[in-house]
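Now for the letters of each chain:
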Amino acid sequence: MASKPAIDIRFWGARGSFPMPGPQALEFGGHTSCVEVRAGGHVMIFDAGSGIVPLGKALLDEAVTEIDLFFTHCHYDHIIGLPYFLPAFWDKVRFRIWAGHMQDGSSPEDLVAGIFRPPYFPITKDWMRAKVEYRRFTPGDVLEPAPGIRLVTGSLRHPNGAVGYRIEYGGAVFCYLTDFEHDDGPGDAEIRRLAKDADLAVLDATYTPEEYPHFKNFGHSTWLHCGRLCAEAGVERWGLFHHMHQRSDPDLHVIEKRAQEQFPNAFAVREGQRIHLVGKAANARVKS
Ligand SMILES: [Zn+2]
Ligand SMILES: [Zn+2]
């Protein structure tokens with residue numbers, strides 16, 4: 001019997017702001033934002049934080065030749081791994097790079113040129129040997145990177161702009177909503193629109209509720225606001241994401257436990273964690 005269509009998710013980096021390697025981060029991991037999503041065999045990557053470096057090695061070992069990369073935005077923690085993403089340097093790869101957050105008229109190509117730029121990096125983007133295509137979109141657009149995959153986009157409240165993504169495939173829904181600050185207004189309404197009835201969502205839970213007043217307008221949210229937004233949107237299961245870089249594994253355990261006391265469907269995302277999503281429409285449930 002053919003298997004049911006599903007979305008497969010693997011977290012290669014869940015840390016915000018800066019990588020945190022070392023013995024204090026063995027469980028939750030030290031790499032910054034990078035999520036691999038496969039739907040119908042199609043490989044999509046969300047953000048090119050430092051986690052994209054080991055992902056690139058894995059994709060090369062598997063000889064994957066079709067890759068779509070979607071940026072939420074281009075703060076350092078979301079782009080820092082791109083120059084070390086090995087498939088970009090293999091001429092058999094078709095590499096599509098998508099971005100839609102830019103508020104200054106720049107293009108995705110400009111964004112990548114700014115990453116591969118002497119004297120900050122020794123080579124320019126023209127050294128990439130993959131067939132690179134740049135795709136710009138406007139938040140609110142619905143994209144179709146491959147047949148049957150519906151990718152809903154929306155604008156998030158974050159300094160310099162950011163994009164939230166809702167991936168729909170085979171009746172399953174996964175939402176990638178990082179780098180936003182709740183506002184009890186239109187920003188929250190957009191989060192609820194994107195996350196509506198999702199099987200799984202990961203959200204920006206950088207701060208604790210106690211820390212947040214000291215970091216207002218920094219562009220990040222708390223697990224408490226994420227939990228409320230997910231409850232209002234009817235999300236089945238949700239993950240705390242974009243862990244503050246100084247937090248150790250024990251710190252994150254405490255935060256996860258506090259969140260779960262109020263929201264039993266919450267968990268803190270761990271680097272390396274895989275989740276197989278079969279949608280409600282296909283009789284589904286979330287397994288990990
Ligand atoms: Zn970030
Ligand atoms: Zn950011």
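Every chain is numbered independently, its residues counted from 1 as its sequence is written. To read the labels, note that chains go from A and ligands from 1, taken in the order they are written. Since the coordinates come from a predicted model, pLDDT governs what is reported: local features require at least 70, and pairs of side-chain atoms require 80 or more to be given and counted, while whole-chain, interface and lining totals use all residues.

Hey, could you run me through unusual backbone geometry in this one?
Glycine aside, residues mostly have negative phi, and peptide bonds are mostly found in the trans state. The omega angle of the peptide bond from Pro118 to Pro119 is 5 degrees, so this bond is cis rather than trans. The backbone phi angle of Asn160 is positive, close to 70 degrees, even though this residue is not glycine. Helix and strand definitions here come from DSSP, where helices need a minimum of 4 consecutive H or I residues and strands a minimum of 2 consecutive E residues; each element is numbered from the N-terminal end. With respect to the helices and strands, Asn160 occurs in the loop between β8 (150-156) and β9 (162-169). Although it is not a glycine, Asn217 sits at a positive phi angle of roughly 70 degrees. Within the secondary structure layout, Asn217 lies in the loop between β11 (200-204) and α5 (223-233).

Could you clarify how one ought to interpret the environment of Glu232 in this entry?
Mapped onto the elements, Glu232 comes out in helix α5. For Glu232 and Ala195, which are 37 residues apart along the polypeptide, the C-alpha to C-alpha distance reads 9.4 Å.

Please clarify how the sheet that holds β8 should be interpreted in this entry.
Where strands meet in a sheet, backbone hydrogen bonds hold them as pairs that are either parallel or antiparallel. Any two strands with at least two DSSP bridges between them are considered paired. With mixed pairing, the seven strands of this open sheet are ordered in space as β7-β8-β9-β10-β11-β12-β13. The open sheet terminates on both sides in strands that have one partner only, identified here as β7 (142-143) and β13 (266-268). With four bridges joining them, strand β10 (residues 172-177) and β11 adopt parallel strand pairing. Along β11, the bridge assignment pairs Tyr176 with Val202.

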